[in-house]
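Architecture and fold: a report
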Amino acid sequence: MKSKCTKCGYESEDNLEKFRIPLCNICFRFCPNDEDKFKEYVNEKIDGAFLETFRKFSEVGNPQKKAMLNKASGGSIMSRPPFGYKLENGKLFPAQNFREVEEIFEEFLTTNISLTQLAKKHNFSVNGLKKILKNFTYIGKIKFNNQIHDGKHSPIISSTLFNHVQNKLERLGIK
Ligand SMILES: [Zn+2]
């Protein structure tokens with residue numbers, strides 16, 4: 001019998017559950033034991049597509065499995081869609097506002113606007129803006145624990161624009 005993971009929406013025959021909540025084997029592996037924390041964990045929906053990479057390696061006996069899963073447990077997998085994307089059926093799609101992402105990147109690259117001004121203009125905190133400018137999701141990649149993987153979602157800006165922005169961030173010493 002198939003059951004649907006409450007956290008990531010993945011359907012599997014793992015039939016795992018905790019506190020009577022069905023989970024896939026990946027989400028099960030990382031769930032906290034404390035019930036309150038568990039509820040928080042489950043409510044924080046994750047894009048099932050982000051977990052595909054791990055599922056690929058989760059066949060029994062795959063030596064890379066453990067390493068991959070350990071990396072994932074750093075908690076750096078994205079749990080909310082980044083600005084400009086939406087989650088549908090556990091997959092990442094460009095949201096209505098996706099063009100604003102390109103505008104932000106272009107504006108940062110081609111003008112002398114300060115991060116503070118740019119953040120204010122688009123209603124972000126400076127830290128939120130920095131996260132956007134460094135987010136590999138926008139070029140169709142997934143990053144966790146400093147490793148870049150190909151994602152299954154569409155990029156919404158070009159790698160060229162993204163790379164130019166990374167160079168400018170570096171040049172300005174913005175971390
Ligand atoms: Zn799951």
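Residues numbered from 1 in each chain as written. Predicted model: local features only at pLDDT ≥ 70, side-chain atom pairs only at ≥ 80, totals over all residues.

Here we take up the overall build of the protein. Scanning the protein from N- to C-terminus turns up eight helices and eight strands. A buried classification covers 24% of the 175 residues belonging to the protein. Considering only contacts within the protein whose residues lie at least 6 apart along the sequence, 47% involve residues at least 24 apart. (Helix = DSSP H or I, 4+ residues; strand = E, 2+ residues; numbered from the N terminus. Buried ≥ 20, exposed ≤ 12 C-beta atoms within 10 Å, placed from the backbone. Contact = placed C-beta atoms within 7 Å.)

What follows is about the packing of helix α5 (residues 98-110) against helix α8 (residues 159-171). Axis separation between α5 and α8 bottoms out at 10 Å; the angle between their running directions is 45 degrees. In terms of their interaxial angle, α5 and α8 are classed as oblique. Along this stretch, α5 crosses α8, giving a crossing that reads as left-handed. Between α5 and α8, the contacting residues are F105, E106, F108 and L109 on the first element and L161, F162, H164, V165 and K168 on the second. Partitioned by chemical class, the residues of the contact of α5 with α8 number six nonpolar, one polar and two charged. (Axes fitted to C-alpha atoms, helices over the stretch in contact; angles between N-to-C directions. Parallel < 35°, antiparallel > 145°, perpendicular 65-115°, else oblique. Left-handed = near helix turned anticlockwise from the far one by under 90°. Nonpolar A, V, L, I, M, F, W, Y, C, P; charged D, E, K, R; others polar.)

Turning next to the confidence of the model for the protein. Of all residues in the protein, 82% attain a pLDDT of 70 or more, and the chain-wide mean is 82. Note on residues 72-78: pLDDT under 50 across the span, and 14 contacts to partners over four residues away in sequence or across chains. (pLDDT = per-residue confidence, 0-100.)

Let us now look at unusual backbone geometry. Residues other than glycine seldom take positive phi values, yet F19 does so here, at roughly 50 degrees. You can see F19 is positioned in the loop between β3 (16-18) and β4 (21-23). Take F19: there are 11 C-beta atoms within 10 Å of it, and that puts it in the exposed class. Unusually for a residue other than glycine, R20 sits at a positive phi of about 65 degrees. Checked against the element boundaries, R20 lands in the loop between β3 and β4.

This next bit is on the nonpolar core. If you look at the biggest cluster of nonpolar residues, it comprises 13 residues, and the most contacted ones within it are V101, F105, L133 and I157. Among the secondary structure elements, those contributing two or more residues to this core are α5, α7 (126-133) and α8. For this core, the element with the highest residue contribution is α5, accounting for four residues. Look past the residues within four positions of L133 in its chain and what remains in contact with it is F105, F108, V165 and L169. Judged by nonpolar contacts, the second largest core, of eleven residues, contains C5, Y10, F50 and L51. (Core = buried A, V, L, I, M, F, W, Y, C linked by C-beta atoms within 7 Å.)

This part covers α5. Residue pairs three or four apart in sequence face the same way in an α-helix, which turns once every 3.6 residues. Across its 13 residues, α5 extends 19 Å between first and last C-alpha, which sits within 8% of the 18 Å expected from 1.5 Å per residue. Every buried residue of α5 is accounted for by V101, I104, F105 and F108. One face of α5 carries all of its buried residues, which in axial projection span an arc of 95 degrees. Packing partners of the buried residues in α5 comprise α6 (115-121), α7 and α8. (Expected span 1.5 Å × (residues − 1). Arc of directions from axis to C-beta.)

As a further point, take the environment of S158. Along the polypeptide, S158 turns up in the loop between β8 (147-150) and α8. Sequence separation between S158 and E102 is 56 residues; the distance between their C-alpha atoms is 8.7 Å.

This paragraph deals with the environment of G84. As for its position among the elements, G84 is in the loop between α4 (64-72) and β5 (85-88). Separated by 72 residues in the primary sequence, G84 and I156 have C-alpha atoms spaced 8.2 Å apart. The contact partners of G84, leaving out residues within four places of it in the chain, are P94, A95, N97, F98, E100, V101, Y138 and I156.

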